[in-house]
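Listed below are the residues making up each chain.
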Amino acid sequence: MNSHSQRQSLAQRVEAAKVELEASVSSGQLLCVEEVLSRYPELAAHEELVLELIYFEFVLRQEAGDEPHTGTFRDRFPHLSARITRLFEFEKLMESSWVVPETIAESSMASLDTPTLAGTYPGIRERSERLVGIGDYDCMNIIGHGGMGLVYEAVHRGLNRRAALKVVSQMNCVDEKSIERFVNEARLCGSLNHPQIVQIYESGIHDGIPFFAMEFMSGGSLQEVLVGGPLEPRVASQVVRALAHAVSFAHSRAIVHRDLKPGNVLLAPAANGSGIRLRSDAQPVELKISDFGLAKCLAEPGTQTRTGAPVGTPAYMAPEQIGSAQSVDGRCDVYSLGAMLFHLLVGKPPFQAATVIETLQLVQFEHPVSIRALQPSVPRDLETICLKCLQKEPERRYATADDLADDLQRFLEYRPVLARPVGVAERSLRWAKRNTMATVLVFSVLLATVLTTALWLRAEYFRDSAVNATLASEESNRQTLVALRKLTETVVLKKFAQQDQLSPQDREYLKEIATLYEQLAQLPQSSVTAEQIRGEGHYWSGVVYLRLADSPTAVQHFDAAIEILSAIESKAKSEEVFELINDSMELMVEGLEISNQIDDAISMAERRIARCHAPPEFLSSAMRYECERSLIAGYRQLGHLYDMRGASEEALMNWQQARVMIEAALIASPTDLKLLNALSGTLRSIASVETDPELRISLGARSIELGRRLAADYPEIRNCLRNLAWSLYDQAVLLKAEGQIETALELVQEAVDKAQELVDHQPLMDEYRGPLAVYLGLQGELLNSVGRHNEAQDCLRRSIELLQRNLQTSPDAQVVLSQYARSWIQLLRALYGNRADSALIEQTRASAKSALQDLREVLEASGASLEKLQLLQNELELLGQESH
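Residues numbered from 1 in each chain as written. Predicted model: local features only at pLDDT ≥ 70, side-chain atom pairs only at ≥ 80, totals over all residues. Heavy atoms only, no water.

Novice: Which parts of the structure should I look at to understand the overall build of the protein?
Specialist: Counting its regular elements, the protein contains 36 helices and 10 strands. Put simply, the protein has 884 residues, and 55% of those count as buried. Contacts in the protein between residues far apart in sequence, at least 24 positions, make up 65% of those at least 6 positions apart. (Helix = DSSP H or I, 4+ residues; strand = E, 2+ residues; numbered from the N terminus. Buried < 20%, exposed > 50% of the residue type's maximum accessible area, 1.4 Å probe, protein only. Contact = heavy atoms within 4.5 Å.)

Novice: When you look at helix H12 (residues 330–346) in this model, what are you seeing that I'm missing?
Specialist: An α-helical segment advances 3.6 residues per turn. Residues three or four places apart therefore align on the same side. The end-to-end C-alpha distance of H12 is 25 Å, a good match for the 24 Å that 17 residues give at a rise of 1.5 Å each. With respect to burial, H12 is a largely interior element, 16 of its 17 residues being buried. (Expected span 1.5 Å × (residues − 1).)

Novice: Would you mind going over the packing of helix H27 (residues 648–668) against helix H28 (residues 673–689) with me for this structure?
Specialist: Geometry of a packed helix pair, given as the angle between the helix axes and the separation of the axes. Contact geometry for H27 and H28: axes closest at 9 Å, N-to-C directions at 155°. As the angle between them shows, H27 and H28 are arranged roughly antiparallel. Handedness of the crossing formed by H27 with H28: left-handed. Taken together, the residues of H28 that come into contact with H27 (itself represented by Ser648, Leu652, Trp655, Gln656, Ala658, Arg659, Ile662, Glu663, Ala665 and Leu666) are Leu675, Leu676, Ala678, Leu679, Thr682, Leu683, Ser685, Ile686, Ser688 and Val689. (Axes fitted to C-alpha atoms, helices over the stretch in contact; angles between N-to-C directions. Parallel < 35°, antiparallel > 145°, perpendicular 65-115°, else oblique. Left-handed = near helix turned anticlockwise from the far one by under 90°.)

Novice: What am I meant to see in unusual backbone geometry here?
Specialist: Residues other than glycine predominantly adopt negative phi, and peptide bonds predominantly adopt the trans conformation. Positive phi is not limited to glycine here, since Ala254 has a value of about 65°. Its place among the elements puts Ala254 in the loop between helix H10 (233–252) and strand S7 (255–256). Of note, the phi angle at Lys573 is positive, near 45°, even though the residue is not glycine. If you trace the backbone, Lys573 turns up in the loop between helix H23 (551–572) and helix H24 (575–594).

Novice: Looking at this structure, I do not really get the pattern of salt bridges. What am I missing?
Specialist: Side-chain pairs of opposite charge can arise whenever the charged atoms involved come near each other. Across all of its chains, the model carries 24 salt bridges by this definition. Close ionic contact of Arg534 with Glu531 constitutes a salt bridge, the shortest N to O distance being 3.0 Å. You can see Arg534 and its partner Glu531 sitting in helix H22 (residues 528–547), 3 residues apart, about one turn around the helix. Each member of the pair, Arg534 together with Glu531, is buried. Put simply, Arg702 and Glu663 hold a salt bridge, and the shortest N to O gap is 3.7 Å. Taken together, the residues Arg702 in helix H29 (residues 693–713) and Glu663 in helix H27 connect sequence positions 39 residues apart. Look at Arg702 and you get partly exposed, because its relative accessible area is 34%. (Salt bridge = Lys/Arg side-chain N within 4 Å of Asp/Glu carboxyl O.)

Novice: Whenever I open this one, the nonpolar core confuses me. Can you help?
Specialist: Across soluble globular proteins, you tend to see nonpolar side chains buried next to one another. With 80 residues, the main nonpolar core has Leu222, Leu231, Val239, Leu278, Leu337 and Leu404 as its most contacted residues. Ignoring sequence-local partners within four residues, the contact set of Leu222 consists of Val239, Pro262, Val265, Leu267, Leu278, Leu287, Met340 and Leu344. One finds Leu510, Ala554, Val555 and Leu673 within the second-largest nonpolar core, a separate group that totals 61 residues. (Core = buried A, V, L, I, M, F, W, Y, C linked by side-chain atoms within 4.5 Å.)

Novice: Is there a simple way to think about the side chain of Ser336 in this case?
Specialist: In this structure, Ser336 sits in helix H12. On the accessibility criterion, Ser336 (2% relative accessible area) is buried. Excluding residues that lie within four positions of it along the chain, Ser336 makes contacts with Leu260, Tyr316, Met317 and Gln321.

Novice: Any chance you could explain the packing of aromatic side chains here in plain terms?
Specialist: Ring pairs (aromatic) are described by centroid distance and by the angle formed between their planes. Under the defined criterion, the tally for this structure stands at 7 aromatic pairs. Centre to centre, the rings of Trp726 and Tyr775 are 5.1 Å apart; their planes meet at 85°, and the pair counts as edge-to-face. Taken together, the residues Trp726 in helix H30 (residues 718–737) and Tyr775 in helix H32 (residues 766–785) connect sequence positions 49 residues apart. Assessed through its relative accessible area of 1%, Tyr775 is described here as buried. What links up through ring pairs into an aromatic cluster is the set Tyr539, Trp540 and Phe558. Above the plane of the ring of Tyr201 lies Arg161, whose end atom (NZ or CZ) is 3.7 Å from the centre. Positioned above the aromatic ring of Tyr398 is the side chain of Lys388, whose terminal nitrogen or guanidinium carbon lies 5.3 Å from the ring centre. (Phe/Tyr/Trp six-rings, centres within 6.5 Å; stacked < 30°, edge-to-face > 60°. Lys NZ or Arg CZ within 6 Å of the ring centre and 35° of its normal.)

Listed below in structure tokens is the structure:
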């Protein structure tokens, strides 16, 4: 039996043991844990499970009117004496026995990730035989149970409608508070008419036993689904977004649930294929929130629990629910939604311990671990959303469940989310509380980071602090590196990425940051940790120098990072090191391409592909999955590099390999947006080098069809629009070669329109201006070919203007210079066609010659082929001959 099956089997036995303990209360002969363990001896070897049963017996005895003494349990289980003492400090900590019995009974099982079990044990069967019919309902199977009562699958005799019938157990019928909570649930849930909330049909009393009938959900609970492990991040986001809308609806009626957890989210097959597909091989389901037994109506001054009596399930309850149940508002449900999202992404709740008291202490005083440290495949934005929900202070969470749903929608649409990661200052404060000796050294660095970023203070103070820290310990170095990472992500990758040009002050600031990384890269220590810090120092230096447009220096740093990190990879056995090497290789290829070192770029790209084909054994399945995606990107990148070198056959071979891998991956993930975008782009690339004209056009048409569909389905995702524009342009080029000028003009006009949308959205982005300039250049060329020279002039002048702006930041970019020269030549053709003034014609000819000379210098400096340059020169000379 594997570990998962073994854990599930143990959980089932614990559930059976609890049922027997609970059933013995009704008979008036309460069993003790020892008797139950004699029937399930395999549980005795697991201290956590024994402690769980001890606490369950304690709660049941309290309910039955006994006053159990905690010392008795220590005497009965001397080998667990210390842990039992900690367990019952729970009572002292809260100063009264405030625990709602069914809440703890259910929450203890929730900590083991066990599903709700139907009537499969003798104790359950015995109790199910006692009720054949309730009101107008015939009872069938028991489908759920807790400390408060039972839930039956039932059928309404008159309507022949299936329902879930919730009944207060006979043991709780004498407990006024249990009855009060039961009636409260029926009343509150019945007032909520929402598609994601279980519907209440009716309520009543049968032979003195309260009951209510509700919508029957045949698919079990979300808790049962999670027994199979975490969900895919986008699926988890869809689930919590849907639940957040339902919770917001309840909040709009002044109702706070207070016990949201996977076990209280019920499932049923979705009608007409709607709903959410929780697993790739599963059918879509509807999700509905149930169990409002602990809900609180904020509009009513009275509550269902005693003053200061926290309620909820410890693994999912907000910290303020522990302090006082009376002080909660809707933000406690936001916390619980965050805890559920954490569970969906990681496979377990954010806080989980062997006992209730230990779990509550974690909830109150500890911060959750990084989701990406447990599941690297989880996107950073989604982790940020989740951790914002789990903030200890309610005011730091999302203000409403709707705000959470809206941010999840932004994530699903690939838009920037509003949540922001925990800042450096807060993280440093948390760290300082745990590491007092290194605090003085590191805090100065972290504080300087925040102040420098926010107020633009002089970087010298920050640099001096970092130098002092690097002379301390490896832990200090690592904390310095954390600060620098955050600074780089905040300033270099976000702030400066949106700027058209860097000011002299910006450039000096970035150089200071690069200097800090370079100093980290010179650490004198020789341990694996120090080597990793050195390697990452080189990596981030390369990132900064790329932004400074200093590609040669960036390449040197990436090369050093690869060498250092590769040397320690087998010792470190760290996915972080593996990922750093991969990222360094990818960015080094980019830097080599910008530096026009195409052969070296090809060599590094091939090395990266080989590395992803044979990843280290220590990688997790999530990281191996990322390796497969890296392979696709690697083959596409390698095809592009071969195409730049003029090696069409090699380019085609690599693009075909990428296509095969993409189509294979789409079988498992047919709606994966990144894969579909990659397929569209790869088809476009293959069409550009395919020699069969019909096949070229067919591939281009398929690329456009796919691109249009994605752009329509995801209008807010800029990359879809960008890919579609390139597909339209490339197809126009193919049709031009086949003489289909009018159709080519229609396509290139559409490409221009799409590209203009991107530029309007972010007018300072070279990555958007450059393609628009290329499309306008082709449009002008096509217009010239049909004699529409006035329109061609407008297009070409706009193309030249955009290219001039891009050349200010990338003066040596071959592609930009080549298009720049081509646009000048086509503008000259338009002027000839319009019989323009000779002085203007000569001025334009001089500009075209100057652009060709700039292109020649760059090509010769890089050792690249001059074939394209020669073609442009021939075109310019031929144009001069035609004019005469």
